[in-house]
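In case you want the letters, here they are:
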Amino acid sequence: MQLKKPGSVPTALMAASCALLGASTAKADDSYESDDWQVDSALLYYKEDQQRVQAIEPVVSLKRDFGDDRSLGVKLTYDSLSGGSPNGALPSHSPQTFATPSGASLQAPSGEPQTYTTSSGRVVALLEKVTLYTTEPGQLPLDPNFHDQRVAFSTSWQQRLGEQMRLSVGGDLSHEQDFMSAGLNAALARDFNNKNTTLSFGTNLEADAIRPIGGAPVGGTDYTQLQKGGNESKTVGGVLFGVTQVLSRRWLAQLNYSYDASHGYQTDPYKLLSVIDAGGNAVGYRFENRPDNRTRQSVFLENKLALGRDVLDLSLRHMKDNWGIKSQTADLRYRLELGNAMYIEPHARYYKQNAASFYNLYLNAADPAPDVMSADPRLGAFDAMTYGLKLGMTLADKSEVSIRLEQYRQNARDVPAAFGQLQGLDLNPGLKSFIFQVGWRFSF
Amino acid sequence: MMRRVAALAALLCAVAATSGCSTIGVKPWQRDLLAKPEMQLDADPLDAAIDEHVYFSKEASSGGRGFGGGGCGCN
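Residues numbered from 1 in each chain as written. Chains lettered and ligands numbered in written order. Predicted model: local features only at pLDDT ≥ 70, side-chain atom pairs only at ≥ 80, totals over all residues. Heavy atoms only, no water.

Asks: How would you summarise unusual backbone geometry if you had to cite specific residues and measurements?
Replies: Note: most residues except glycine have negative phi, and most peptide bonds are trans. Residues and elements named next belong to chain A. Positive phi outside glycine occurs at Asp-68, with the angle close to 55°. By secondary structure assignment, the location of Asp-68 is in the loop between β2 (54–67) and β3 (70–86). In the Ramachandran plot, Asn-194 falls in the positive-phi region, its phi being about 55° despite a non-glycine side chain. Along the chain, the position of Asn-194 falls in the loop between β10 (179–192) and β11 (197–210). (Helix = DSSP H or I, 4+ residues; strand = E, 2+ residues; numbered from the N terminus.)

Asks: Now, about the environment of Phe-146 of chain A: what can you tell me, with residues and values included?
Replies: Locating Phe-146 of chain A in the fold gives a position in strand β8 (residues 142–161). Considering only alpha carbons, one finds Phe-146 of chain A and Pro-86 of chain A, 60 residues apart in sequence, at a separation of 10.0 Å.

Asks: Please give an account of the pattern of salt bridges that cites residues and values.
Replies: Residue and element names in this part refer to chain A. Inspection of every chain in the model, using the stated rule, returns 29 salt bridges over all chains. Across the pair Arg-160 and Asp-69 runs a salt bridge whose closest N-O atoms are separated by 2.4 Å. Of this pair, Arg-160 sits in strand β8 while Asp-69 sits in the loop between β2 and β3, placing them 91 residues apart in sequence. Here the two residues Arg-160 and Asp-69 agree in accessibility, since each one is buried. Arg-404 serves as the salt-bridge partner of Glu-406, at 3.5 Å between the closest nitrogen and oxygen. (Salt bridge = Lys/Arg side-chain N within 4 Å of Asp/Glu carboxyl O. Buried < 20%, exposed > 50% of the residue type's maximum accessible area, 1.4 Å probe, protein only.)

Asks: Give a detailed account of the nonpolar core, specifying residues and quantitative values.
Replies: Tyr-46 and Tyr-408 of chain A are the most contacted members of the largest nonpolar core, which totals 18 residues. For this core, the secondary structure elements donating two or more residues are β1 (33–48), β2, β22 (382–394) and β24 (431–443) of chain A together with α2 (45–58) of chain B. With four residues, the top contributor of residues to this core is α2 of chain B. The contacts of Tyr-46 of chain A, once residues within four sequence positions are left out, are Val-53, Gln-54, Ala-55, Leu-431, Ser-433, Phe-434 and Ile-435 of chain A together with Val-54 and Lys-58 of chain B. By size, the runner-up hydrophobic cluster in this structure holds 15 residues, among which are Met-319, Trp-323, Leu-361 and Leu-427 of chain A. (Core = buried A, V, L, I, M, F, W, Y, C linked by side-chain atoms within 4.5 Å. Contact = heavy atoms within 4.5 Å.)

Asks: Which residues make up a nonpolar patch on the surface, and what are the values?
Replies: All names here are of chain A. Together, Leu-43, Tyr-45, Ile-56, Leu-336, Leu-338, Leu-391, Ile-403, Leu-405 and Phe-436 make up an exposed nonpolar region whose accessible area comes to about 740 Å². Put simply, the parts of the chain that give the nonpolar patch at least two residues each are β1, β19 (326–339) and β23 (400–412). Of note, Leu-43 is situated in strand β1. The class of Leu-43 is partly exposed, set by a relative accessible area of 42%. (Patch = residues over 30% accessible without salt bridge, like charges linked within 9 Å, V, L, I, M, F, W, Y side chains within 5 Å. Areas by Shrake-Rupley, 256 points an atom, 1.4 Å probe, with all protein chains shown as cover.)

Asks: A description of the side chain of Ser-62 of chain B should follow, citing residues and the corresponding values.
Replies: Relative to the elements of secondary structure, Ser-62 of chain B occurs in the segment after α2. Taking the relative accessible area as the measure of exposure, Ser-62 of chain B reaches 10% and is therefore buried. When near neighbours in sequence (up to four residues on either side) are disregarded, Ser-62 of chain B contacts Arg-296, Arg-317 and Met-319 of chain A together with Glu-52 and Phe-56 of chain B.

Asks: Can you explain α2 of chain B? Please cite residues and give values.
Replies: In this model α2 of chain B runs 20 Å from its N-terminal to its C-terminal C-alpha over 14 residues, within 8% of the 20 Å that 1.5 Å per residue would give. Of all the positions in α2 of chain B, only Leu-46, Asp-47, Ile-50, Asp-51, His-53, Val-54, Tyr-55, Ser-57 and Lys-58 of chain B are classed as buried. (Expected span 1.5 Å × (residues − 1).)

Asks: Account for the sheet that holds strand β15 (residues 272–276) of chain A, with residues named and values stated.
Replies: If you walk across this open sheet you meet the three strands as β16-β15-β21 (chain A), and the pairing is mixed. Of all strands in the sheet, those bounded by a partner on one side alone are β16 (282–287) and β21 (363–364) of chain A. (Pairing = 2+ DSSP bridges.)

Asks: How would you sum up the pairing of β23 of chain A? Please name residues and give values.
Replies: Residues and elements named next belong to chain A. Summarising the sheet, β22 and β23 pair through 13 bridges and their orientation is antiparallel. Within β23, the residue paired with Gly-392 across the bridge is Ser-402. Turn length for the β22-β23 hairpin, with the two strands adjacent in sequence and antiparallel, is five residues, and the turn residue Lys-398 shows positive phi of about 75°. Pairing between β23 and β24: eleven bridges, direction antiparallel. Along β24, the bridge assignment pairs Arg-404 with Gln-437.

Asks: An account of empty space enclosed by the protein is needed here, citing residue identities and associated values.
Replies: All names here are of chain A. Across all of its chains, the model carries four cavities of 30 Å³ or more by this definition. Approximately 300 Å³ is the volume attributed to the largest cavity. Surrounding the largest cavity, 26 residues form its lining, Arg-52, Pro-86, Asp-376, Pro-377 and Arg-378 being those nearest its centre. Elements supplying a minimum of two residues to the lining of the largest cavity: β3 and β23. Tallied by class, the residues present in the lining of the largest cavity amount to 14 nonpolar, six polar and six charged. When its volume is computed, the second largest cavity comes out at roughly 120 Å³. Lining the second largest cavity we find 15 residues, and of these Ala-99, Pro-101, Tyr-223, Tyr-270 and Phe-287 sit closest to its centre. (1 Å grid on protein atoms, 1.4 Å probe; cavity = no way out; pocket = protein on both sides within 12 Å on 5 of 7 lines; lining within 4 Å. Points joined across faces, edges and corners; volume = space filled by probe spheres on them. Nonpolar A, V, L, I, M, F, W, Y, C, P; charged D, E, K, R; others polar.)

This is the structure:
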């Protein structure tokens, strides 16, 4: 055996250790048993401009190695969200009044729900008690009463199956006031070519219960009628094929193909569309209505490059779905070692998507209402940029602290020209938000 | 386009799984850099999870790296 680039005695010793431990392709030497729990924790503060959504999110993740590539992981996430969320309607030069879903009630004053059957055979209730909010002229309509809390728990177990294969299984639960989700996932990975190549296959299944406050609106109906039904549900199933390849001593790459299919209620129960007449006046609103089926495919490529002591991470993703959306994502991080166990990591991300086929900024009053419709900006065409910086430091006790600051900006594309009474209004102002995060990794 | 990419991925998998890739890669004693924590594909799992959650709630795309998990009724 001849060492081609031994570098130094410590390097050779480390290399020999790696060989003895049989470090796997995509993982560090996980094959030793540790008596410690490794804790990875973070506190996120997320804030959008124009008094829109803000969130505070603590996350704690624990992992323990039991030796022989067996490990257990658990993660707990808590989200507290508040602020104003765009309801989908266009701004106007006149005040606009809306009903907040949190003030709605399915109970008629008599105490009995007033229900009737629609032409499609669906039983719905006509709401009678609502709380109103008014959007000032020129302002983007935001429901100012948005509050929610989310608690999410996930766990995973990994172990070796024979000499070359690894199995991981996991589950997750998530709960919000109006949403519950439960999921299971499993993945198999097999090493080839002296662990330079790893093929992996994974699958997941998710079941969601959607319980909109005030009931789920009947999609596409006149907003002023406030026709609402009960709760809804959705299921998601997906598969992922991946290949991880060591290309050189300094270059690791991963290529994934994933496919998932969602079936069930995918409408946002709190989103509307403005109905605009030939003069640019809002003459009404409709609840949005999305297709019940969605399939998505994505190809994801990630590269890790060791450049001296630094590490460059470049990932690219192309996604398309059967709603007509295509998106491209490029994400670049460069971890620059500063010495004294400190590093700084600049981050840039570019994202671009086109609009869903049923996306419309507003509905034309002269046209018949379409079957499926949405003015949700998240389904429109836009470009987005993220710029960020992370600073990390390893302390004397081997724990690591970090802070991260990022700015995210969405700029809408293909916004229709304003006409009539819409002139002078910013019909799709985009989004600007800040992310501030502190992290702490330690063992106990 | 997607079919071509999927076919390419399948081809890469097949090639990688056979001896075609046996000349690509490193010997076990050359894994010093690859074994560094910051060279792992999941070097910062919490950053990745937080980013995934933020972008999931603001964009029409998600996933690719792996499975998300938990979902949300994000506004």
